Amino acid sequence: MAYALIPYPCYIANALPRGLFFLTLQRFNMKAAVIHGPGKVTCDNVDDPILKDERDIILKVTATAICGSDLHIYSGGFPQPRPMVLGHEFMGIVEETGKQVKNLKKGDRVVVPFPIACGHCFFCNHDVPGNCENSNPENYGPEGGLVKEKGGALFGYTDLYGGYDGGQAQYVRVPYGDYGPRKVPDNLTDEQVLFLTDIFPTGYTGIDWGNLMGGETVAIFGAGPVGIMAAKSAWLKGAGRVVIVDTIQYRLDKAKVAGQCETILWEDGKDVIEQVRAMTEGRGADLCVDAVGFEPDRNFLDRAKAVINIEKGSVKVLEACMSAVRRSGFVSVLGVYPTHYDNFPVGQFFDKGLTIRGGQAPAHKYIDKLLVYVKEGKVKLDDIITHRLPLTQIADGYSLFKKKEDNCVKVVLDPWAA
Ligand SMILES: NC(=O)c1ccc[n+]([C@@H]2O[C@H](COP(=O)([O-])OP(=O)(O)OC[C@H]3O[C@@H](n4cnc5c(N)ncnc54)[C@H](O)[C@@H]3O)[C@@H](O)[C@H]2O)c1
Ligand SMILES: [Zn+2]
Ligand SMILES: [Zn+2]
C-alpha cells in the first residue's frame, strides 16, 4: 500500500511537549473503477480496503479485466443504486492476511475465482460456490426472484449480489481468502493466468455440462471472450467440430483464430439454425452454448416486444440454441438472464427431450485443473486480449468494449500504470 510519513497537524503538535517531533503513517486513497449509474464508470480515489474478518485477505491487484457481465451493470440491465467498485476478474499479490488465513502469506501471487464462497456450506460442499449460503446474507434465498432471494455473492456485482467492492482497483478485500485464491507459478505472466478467474472456467463449465463423449458437434452462440473460451474448452473436452455464431464479423474473425473454429454470421436467426442443421445431417448440434445472454443485438421490434411483455432484453439466443440443438441434446446457458420470460418454448424443450443447464459457473470447481492445462501449455488464454489500458482509462475501456469499437474483444487493465 502507499504510505507516507505525515507530520501531525500544527494545532496538535503545538499542544505536545516542545522538542517532540511526531510522525504518523497515513494510507493514501487508492484508485478504483466506480459505477455511478448507467454508462458512467470513472476512475476515482476511494478508501483503501481493510481486513474485516479473520478469513479476509487484502490483495494488491496487478491485473484486472472487464467482463461481459460488467456490461450488464454498465447498461443498467442490472441496476446498482449507489456508487460501487466494479470488477470480478482480477489477480495480484497478497498484501495482508487475516489471522485465520494460514495457507497464504504476504507476497504470494494469486488468482481469485469470481464467486465469493465460504467453502463449507451445503452448496460449497456440493461444488456450486455461486450458491454459497453465507456470502450474501442480505439478499440470499431459494426463490431466485427478480429483486429478491438471489444466489451467493460476486465481487463488484451490485448490492443484490452482496455489495462487495470489486477488483478493478489497486487493492481489494477478498473474503474467505483461505478458500478462493489460488497461487500461480512465477514463470507464468499475469495475462497467461488472469482468465482463470472467470471466463476460462465459465467456458469450460458450458462444455462440461454437455457431457461430451468425443467427436461431437458443438455450436457456440456469441464470439465474445466467454464464447471463445468455450471453443477452446470444447477442443480440450474432445469435440469433433466447433462452430461459433455472432452478429459481428470481427468477433468471428478473432474466434476463428483463437478458438480454431468454424464461424457463422448471424444475419437472421432462422438461417443460422438451418446452417447448423446442414452441418449435422439435419439433426442439429449435440451441444449448443448460449454465450450471449439477455442483451443480444436487438432490432426495434425486439425492443418493443420486451417493453410490452415487461421483460428485460430478450431470450432469442436461448431460443435459437433450443432450435439448433439436436433432439435429446444439451443446451448450456452461460449468458446471463435476470428475469422471467413468457412464451419460453417449454413445449419444444419437452418434445425434443433437451437437457438445459445454466447459472454462474462454479469457478472454484475447475480452476485447479485448468491451471494445470495452462502450465502444461495445453491451452493459451491471453490471445483474446485486444486492449491493454491503465486503470485511469477505465471509462474508455468500458465504452470500447460495450460499443465493440476498435475491434475490441477483451480489455485488460493495469491498476498501477500512469
Ligand atoms: N455464467 C457465468 O458464470 C458467466 C461468467 C462470465 C460471463 N457470463 C455472461 O456471458 C455472456 C457473454 O460474456 P462475454 O464477456 O463474452 O460478453 P460480450 O458482450 O463480449 O460477448 C457477447 C457476444 O454476443 C454477440 N451477440 C449479440 N447478439 C448475438 C446473437 N443474436 N447471436 C450470436 N451472438 C450475438 C455479441 O456480438 C458479442 O460478441 C454475458 O451475458 C456475461 O454476463 C456468464
Ligand atoms: Zn465475469
Ligand atoms: Zn458457502
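Shown above is the structure to which this text applies.
Everything numeric in this text was worked out from a predicted model, so none of it was measured.

Parameters and conventions
- Residues numbered from 1 in each chain as written.
- Chains lettered and ligands numbered in written order.
- Predicted model: local features only at pLDDT ≥ 70, side-chain atom pairs only at ≥ 80, totals over all residues.
- Heavy atoms only, no water.
- Helix = DSSP H or I, 4+ residues; strand = E, 2+ residues; numbered from the N terminus.
- Rg over C-alpha atoms; globule rule 2.2 N^0.38 Å.
- Buried < 20%, exposed > 50% of the residue type's maximum accessible area, 1.4 Å probe, protein only.
- Areas by Shrake-Rupley, 256 points an atom, 1.4 Å probe, with all protein chains shown as cover.
- Lys, Arg positive; Asp, Glu negative; His and termini not counted.
- Charge placed at Lys NZ, Arg CZ, Asp CG, Glu CD.
- Pairing = 2+ DSSP bridges.
- Right-handed = clockwise from strand over helix to strand, strands pointing away.
- Polar contact = N/O pair within 3.5 Å; in protein donor to acceptor, adjacent residues only side chain to side chain.
- Contact = heavy atoms within 4.5 Å.
- Phe/Tyr/Trp six-rings, centres within 6.5 Å; stacked < 30°, edge-to-face > 60°.
- Lys NZ or Arg CZ within 6 Å of the ring centre and 35° of its normal.
- Near = heavy atom within 4 Å.
- Nonpolar A, V, L, I, M, F, W, Y, C, P; charged D, E, K, R; others polar.
- Salt bridge = Lys/Arg side-chain N within 4 Å of Asp/Glu carboxyl O.

Chemist: Explain the overall build of the chain here, please?
Modeler: Broken down by element type, the chain carries 13 helices and 20 strands. Taking 2.2 N^0.38 as the reference for a compact globule, 418 residues should give roughly 22 Å; the C-alpha atoms of the chain span a radius of gyration of 23 Å, in line with that estimate. For the chain, the spread of C-alpha atoms along the principal axes amounts to about 90 × 50 × 45 Å. Out of the 418 residues belonging to the chain, those deemed buried represent 54%. When the accessible area of the chain is evaluated, it comes to approximately 18700 Å², of which 52% is carbon and sulfur surface. Once the 46 positive and 50 negative side-chain charges of the chain are each reduced to a mean point, those two points are 2 Å apart.

Chemist: Could you clarify how one ought to interpret the pairing of strand S20 (residues 411-414) in this entry?
Modeler: Remember that side chains alternate between the two faces of the sheet whenever the strand is regular. Pairing of strand S5 (residues 57-65) with S20, which is carried by 2 bridges, proceeds in the antiparallel orientation. Bridging across to S20, Ala-65 finds its partner in Val-412. Pairing between strand S19 (residues 387-390) and S20: 4 bridges, direction parallel. When the sheet's bridge partners are listed, Pro-390 is paired in S20 with Asp-414. As a crossover connection, the stretch from S19 through helix H13 (residues 394-403) into S20 is right-handed.

Chemist: Please clarify how helix H9 (residues 300-308) should be interpreted in this entry.
Modeler: Owing to its 3.6 residues per turn, the α-helix aligns residues three or four sequence positions apart on the same side. Backbone nitrogen of Leu-301 and a side-chain oxygen of the N-cap are separated by 3.2 Å at the start of H9; the cap is Asn-299. Two residues or fewer after H9 comes Ile-310, characterised by a positive phi angle close to 50 degrees.

Chemist: What is the right way to look at the side chain of His-88 in this model?
Modeler: Within the secondary structure, His-88 is located in the loop between strand S6 (84-85) and strand S7 (89-97). Looking at His-88, its side chain comes within polar contact range of the side chain of Asp-70, at 3.4 Å. Excluding anything up to four places from it in sequence, His-88 contacts Cys-67, Ser-69, Asp-70, Phe-114, Phe-155, Tyr-157, Thr-197 and Asp-198.

Chemist: Is there a simple way to think about the environment of Ile-264 in this case?
Modeler: Structurally, Ile-264 can be placed in strand S15 (residues 262-265). With relative accessibility at 3%, the residue Ile-264 sits in the buried group. Once the C-alpha coordinates of Ile-264 and Gln-249 are considered, the two residues, 15 residues apart in sequence, prove to be 9.0 Å apart.

Chemist: What am I meant to see in the packing of aromatic side chains here?
Modeler: The geometry of an aromatic ring pair comes down to the distance between the two centres and the angle between the two planes. Within this structure, the stated rule accounts for 12 aromatic pairs. For the pair Tyr-74 and Tyr-398, a centre-to-centre distance of 5.1 Å together with 40 degrees between the ring planes defines the contact as tilted. Of this pair, Tyr-74 sits in helix H2 (residues 68-74) while Tyr-398 sits in helix H13; the two residues are 324 residues apart in sequence, bridging distant segments of the chain. Across the pair, Tyr-398 and Tyr-74 agree in class, each one buried. By way of ring pairs, the aromatic residues Phe-78, Tyr-157, Tyr-161 and Phe-294 are connected into one cluster. Here Lys-60 stacks its cationic end above the ring of Trp-416, 4.6 Å away from the centre of that ring.

Chemist: Whenever I open this one, the site of ligand 1 confuses me. Can you help?
Modeler: Residues in contact with ligand 1 amount to 31 residues; listed here are only the nearest, Ser-69, His-72, Asp-246, Arg-251 and Ala-361. A distance of 2.9 Å separates an oxygen atom of ligand 1 from a polar atom in the backbone of Gly-68. In the complex, 97% of the free accessible area of ligand 1, which totals 870 Å², lies under the protein chains. Residue assignment for the shell around ligand 1 shows that the elements contributing at least two residues are H2, helix H6 (225-236) and strand S14 (241-246). In terms of residues, the shell around ligand 1 owes the most to one element, H2, which gives 3 residues. Class assignment of the residues belonging to the shell around ligand 1 gives a composition of 16 nonpolar, 10 polar and 5 charged.

Chemist: It is not clear to me how the side chain of Lys-150 should be interpreted in this structure. Could you clarify?
Modeler: With respect to the element layout, Lys-150 can be found in the loop between helix H3 (122-125) and strand S10 (153-154). Notably, Lys-150 is buried but unbridged: the nearest opposite-charge side chain belongs to Glu-143, and the N-O separation is 10 Å. Filtering out sequence-adjacent residues up to four positions away, Lys-150 remains in contact with Asn-136, Asn-139, Tyr-140, Gly-141, Gly-145, Leu-160, Tyr-161 and Pro-338.

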